[in-house]
Amino acid sequence: MNASLLRYALLPLSLYSIMSFAHDDAAHQTSEPAFRQHQAHVHGVVTYNLAQDGDDFLVEISSPGHDVVGFEHPPTSKEEQTIYQQRMALLNAPDKILTLLPQAQCKIEHIDVNDTIANDDHDHDHDHDHDHDHDHDHDQNESHQHASVNVQYHYHCGNIAQLNTITSHWFEYFTTTQTLNINLLTDKVQTQLELSKPDQQIQW
Ligand SMILES: [Zn+2]
């Protein structure tokens, strides 16, 4: 079936205008600009944007809701509500998700976890689902509407020059994720990396 390919081809131009064109073959590309985000996501693929800003280190994680909780609709059953609360609590505990090299002396200063699972405002960053009535195609997911999770961790580091390794524990908790696409931007390095389950080490 070419339905899903066709669906990508029909994504509204407004989406492309704010992003790189090299989109639909992009999941495993390594030559794209950093910090591309909020496109129609692929279940099993999570994006990490990692950026140094002086003595600060910023982490943004963009994940399909499906990878975090297993569904992309507001939790209804008691079981779904429990899963939702547990997973969101986990994401609010950055020490469980990431281990920054201790010598860099990074301390978390700010945590922000947002999702479009619990509220009905699916994918509000690009509202093609609502604006384009021709978007009737259903893919193999349980719903034609996706919901995402966006996490931001802001660290301040005592010796950020030492920071060249981060251990990611994502795969331990979110077991349907197969790939982490990592965009890394520091004073010395700008690169893209890909971690495949069960690899944990982000090194540069
Ligand atoms: Zn989805």
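Here the structure is a predicted model, which is why all the values come from computation and not from measurement.

J.: For this particular structure, what's the right way to read the state of the cysteines?
T.: Formally, a disulfide is one covalent bond, and it connects the sulfur atom of one cysteine to the sulfur atom of another. If you walk through the whole model with that rule in mind, you get one disulfide. Each sulfur of the disulfide joining C106 and C157 lies 2.1 Å from the other. Disulfide C106-C157: the torsion about the S-S bond is 105°, which places it as right-handed. You can see C106 sitting in strand β4 (residues 106-115) and its partner C157 sitting in strand β5 (residues 148-157), a full 51 residues away along the chain. Judged by its relative accessible area of 2%, C157 is buried.

J.: It is not clear to me how the coordination of the zinc ion should be interpreted in this structure. Could you clarify?
T.: A four-donor tetrahedral metal ideally has 109.5 degree angles, and a six-donor octahedral metal ideally has angles of 90 or 180 degrees. Coordination sphere of the zinc ion, protein contribution only: H41 (NE2), H43 (NE2), E72 (OE), E72 (OE) and H146 (ND1), at 1.8 to 2.5 Å. Between the donor residues of the zinc ion, the gaps in sequence give the motif H-x1-H-x28-E-x73-H. One end of the pair, E72, is in the loop between α3 (65-69) and α4 (78-91); the other, H146, is in the loop between α6 (128-131) and β5, and 74 residues separate them in sequence. By relative accessible area, which is 5% here, E72 ends up buried. Using a relative accessible area of 5% as the deciding quantity, one classes H146 as buried.

J.: Whenever I open this one, the side chain of N49 confuses me. Can you help?
T.: Checked against the element boundaries, N49 lands in strand β1 (residues 45-53). At 2.7 Å, the side chain of N49 and the side chain of N183 are in polar contact.

J.: Explain the nonpolar core to me, please; I cannot follow it from the model alone.
T.: Burial of nonpolar side chains together is a common tendency in soluble globular proteins. In this structure, Y48, F57, L91, I97 and W170 are the most contacted members of the largest nonpolar core, which totals 37 residues. Those elements that place two or more of their residues in this core are β1, β2 (56-64), α3, α4, β3 (98-100), β5, α7 (170-173) and β7 (179-185). Ranked by the residues each element gives to this core, the list is headed by β5, at five residues. Once residues lying within four places of it in the same chain are set aside, the contact partners of L91 are V68, I97, I111, V113, V149, V151, Y153, W170 and F174.

J.: Just to check I follow, could you spell out α4 for this structure?
T.: Each turn of an α-helix holds 3.6 residues, which means side chains three or four residues apart point in the same direction. Its 14 residues place the ends of α4 20 Å apart at the C-alpha level, agreeing with the 20 Å of an ideal helix rising 1.5 Å per residue. Those residues of α4 that fall on the buried side of the exposure criterion are E80, Y84, M88, L90 and L91. Projected onto a plane normal to the axis of α4, the buried residues spread over an arc of 155° and lie on a single side. What points out from α4, more than 90 degrees from its buried face, is the exposed set K78, E79 and Q85. On its buried face, α4 is in contact with α3, α5 (94-97), β4, β5 and α7.

J.: I'm lost on the pairing of strand β6 (residues 165-168) in this one. Help?
T.: One face of the sheet, then the other: side chains in a regular strand alternate in exactly this way. The alternating pattern of β6 places T165 and T167 on one face and I166 and S168 on the opposite face, and all of these are buried. The pairing of β3 with β6 spans three bridges and is antiparallel. Residue pairing across strands places L98 opposite S168, the latter belonging to β6. Where β6 meets strand β9 (residues 201-203), three bridges bridge the pair, whose relative direction is antiparallel.

Rules used throughout
Residues numbered from 1 in each chain as written. Predicted model: local features only at pLDDT ≥ 70, side-chain atom pairs only at ≥ 80, totals over all residues. Heavy atoms only, no water. Disulfide = S-S within 2.5 Å. Helix = DSSP H or I, 4+ residues; strand = E, 2+ residues; numbered from the N terminus. Buried < 20%, exposed > 50% of the residue type's maximum accessible area, 1.4 Å probe, protein only. Donors = N, O, S within 2.8 Å, 3.2 Å for Na, K, Ca; no water. Polar contact = N/O pair within 3.5 Å; in protein donor to acceptor, adjacent residues only side chain to side chain. Core = buried A, V, L, I, M, F, W, Y, C linked by side-chain atoms within 4.5 Å. Contact = heavy atoms within 4.5 Å. Expected span 1.5 Å × (residues − 1). Arc of directions from axis to C-beta. Pairing = 2+ DSSP bridges.

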